[in-house]
Structure formats: structure tokens, C-alpha cells
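Below are the chains, spelled out letter by letter.
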Amino acid sequence: MSETFGSGTAQSENTPGYLILTVIFVVSFLVNVVAMEPQLGVYDEGLVLVGVLRIKAGDVPYRDFWTMYGPGQVYLLAGLFKACGDYGIIGRIWDV
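Since we're looking at a predicted model, the values are computed, not measured. Counting restarts for each chain: residues are numbered from 1 in the order of the written sequence. Only residues with pLDDT of 70 or above have their local features reported here, since the model is predicted, and side-chain atom pairs are shown and tallied only from 80 upward, although totals for entire chains, interfaces and linings are computed over all residues. Side-chain figures throughout are based on the complete set of non-hydrogen atoms in the structure, without hydrogens or water.

Chemist: Describe in detail the overall build of the protein, supporting the description with residues and values.
Modeler: The helix and strand labels rest on DSSP assignments: H or I over at least four residues marks a helix, E over at least two residues marks a strand, and numbering proceeds from the N terminus. If you tally the helices and strands in the protein, you get four helices and zero strands. Listed N to C, the secondary structure of the protein is α-α-α-α in terms of helices and strands. Across the 96 residues that make up the protein, the buried fraction comes to 19%. Counting every atom, the protein has about 7400 Å² of accessible surface; 66% of that belongs to carbon and sulfur. For every residue, the accessible area obtained with a 1.4 Å probe (protein chains only) is divided by the maximum for its type, and the residue is called buried under 20%, exposed over 50%, and partly exposed between those limits. Accessible surface is estimated by sampling points in the Shrake-Rupley manner with a 1.4 Å probe; for residues, cover comes only from the protein chains shown.

Quick look at the structure:
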């Protein structure tokens with residue numbers, strides 16, 4: 001039982017792993033942003049964005065309108081719209 005816990009070696013070994021994951025995330029995010037279509041899709045972003053605008057108007061999903069998406073996605077995107085403004089690109093970036 002001569003092992004000591006908390007020597008800090010596990011954290012220093014995982015640090016390069018986090019760096020690699022961060023680089024992979026940033027590169028894949030940039031590739032997705034560059035490859036985006038310039039127009040918004042009616043059935044992809046359009047349905048979600050209409051739901052967001054209805055929530056901002058006071059409607060409640062599944063009571064006042066039907067959506068195929070879970071309420072969390074629509075409410076979270078409505079919060080992003082409230083914080084950043086009504087820009088369709090916010091929904092597109094959230095989906096990436």
C-alpha cells in the first residue's frame with residue numbers, strides 16, 4: 001500500500017488530450033460554418049424558427065402549435081434570440 005493518491009500525474013497526462021479535442025472541435029466547427037448553405041431551409045431551420053417566434057409571442061409548444069422538436073430546443077433558441085436578436089444565423093450556428 002505504498003501508492004499515493006492525488007499526485008497530479010493523471011491531470012498532466014490528460015491535458016494534451018483536451019487540447020487535441022479542442023482543436024478537433026474548432027476545426028470541425030469552422031468546416032461546418034464554411035460549408036453552410038447561404039439560404040435558410042424551410043423545413044429544417046424554418047420550422048424551428050417559426051416555433052421560436054411563436055414562443056416569443058407568448059404561445060406554448062404542443063398547446064398552441066405543433067412542433068416535431070422537443071420543447072427544450074425551441075425554448076433555448078428563443079432565449080438565444082432574446083439575448084442576441086432575431087437573426088436566422090443564430091439558429092443555424094446552434095444547429096451546427
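Read on for the rest.
Chemist: Summarise the packing of aromatic side chains; cite the residues concerned and give the values.
Modeler: Ring pairs shown here join Phe, Tyr and Trp side chains whose ring centres sit within 6.5 Å, with only the six-membered ring taken for Trp; geometry is labelled stacked below 30 degrees between planes, edge-to-face above 60, and tilted in between. Counted by the stated rule, this structure contains two aromatic pairs. Judged by centre distance (6.3 Å) and plane angle (25°), the ring pair of phenylalanine 25 and phenylalanine 29 falls under stacked. With phenylalanine 25 and phenylalanine 29 both in helix H1 (residues 9–34) and four residues apart, the pair spans about one turn of that helix. Each ring, one from tyrosine 62 and one from tryptophan 66, has its centre 5.5 Å from the other, and the planes form 70°; the classification is edge-to-face. Given a relative accessible area of 40%, tyrosine 62 falls into the partly exposed group. The class of tryptophan 66 is exposed, set by a relative accessible area of 68%.

Chemist: Explain helix H4 (residues 88–95) to me, and be specific about the residues and the numbers.
Modeler: Restricting attention to buried positions, one finds in H4 the residues Ile90, Gly91 and Arg92. Buried residues along H4 sit in contact with helix H2 (45–56) and helix H3 (71–84). In what follows, residue pairs with any heavy atoms lying within 4.5 Å of each other are defined as contacts.

Chemist: Report on the packing of H2 against H3, specifying residues and quantitative values.
Modeler: Lines fitted to the C-alpha atoms define the axes, with helices restricted to the stretch that makes contact. Angles between their N-to-C directions range from 0 to 180 degrees. For the pair H2 and H3, interaxial distance at closest approach is 9 Å and the crossing angle is 70°. Judged on the interaxial angle alone, H3 and H2 are roughly perpendicular. For the element pair H2 and H3, the recorded crossing hand is right-handed. Touching Val48, Leu49, Gly51, Val52, Ile55 and Lys56 of H2 are Gln73, Val74, Tyr75, Leu77, Ala78 and Phe81, all from H3. These descriptions rest on fixed angle ranges, namely under 35 degrees for roughly parallel, over 145 for roughly antiparallel, 65 to 115 for roughly perpendicular, and the rest for oblique. Should the near helix be turned anticlockwise from the far one by less than a right angle, the crossing is termed left-handed; should it be turned clockwise, right-handed.

Chemist: How would you summarise the nonpolar core if you had to cite specific residues and measurements?
Modeler: In this structure, Val48, Leu49, Val52, Ile55, Phe65, Val74, Leu77, Ala78, Phe81 and Ile90 together form the largest nonpolar core, which totals ten residues. Elements represented by at least two residues in this core include exactly H2 and H3. Apart from the residues lying within four places of it in its own chain, the contact partners of valine 48 are Tyr69, Gln73 and Leu77. What we call a nonpolar core is a set of buried Ala, Val, Leu, Ile, Met, Phe, Trp, Tyr and Cys residues that are connected through their side-chain atoms within 4.5 Å.

Chemist: Tell me about unusual backbone geometry, residues and numbers included.
Modeler: Despite not being glycine, tyrosine 62 shows a phi value in the positive range, around 70°. By the element assignment, tyrosine 62 lies in the loop between H2 and H3.

Chemist: Give me the side chain of threonine 67: which residues, what numbers.
Modeler: Examined against the element boundaries, threonine 67 turns out to sit in the loop between H2 and H3. The class for threonine 67 is buried, based on a relative accessible area of 8%. Under the rule applied, a polar contact is a pair of N or O atoms within 3.5 Å (in protein, one hydrogen donor and one hydrogen acceptor; residues adjacent in sequence only if both atoms are side-chain atoms). There is a polar contact of 3.2 Å between the side chain of threonine 67 and the backbone nitrogen of tyrosine 69. Non-local contacts of threonine 67, meaning those with residues more than four positions away in its chain, are made with Pro61, Tyr62 and Val74.

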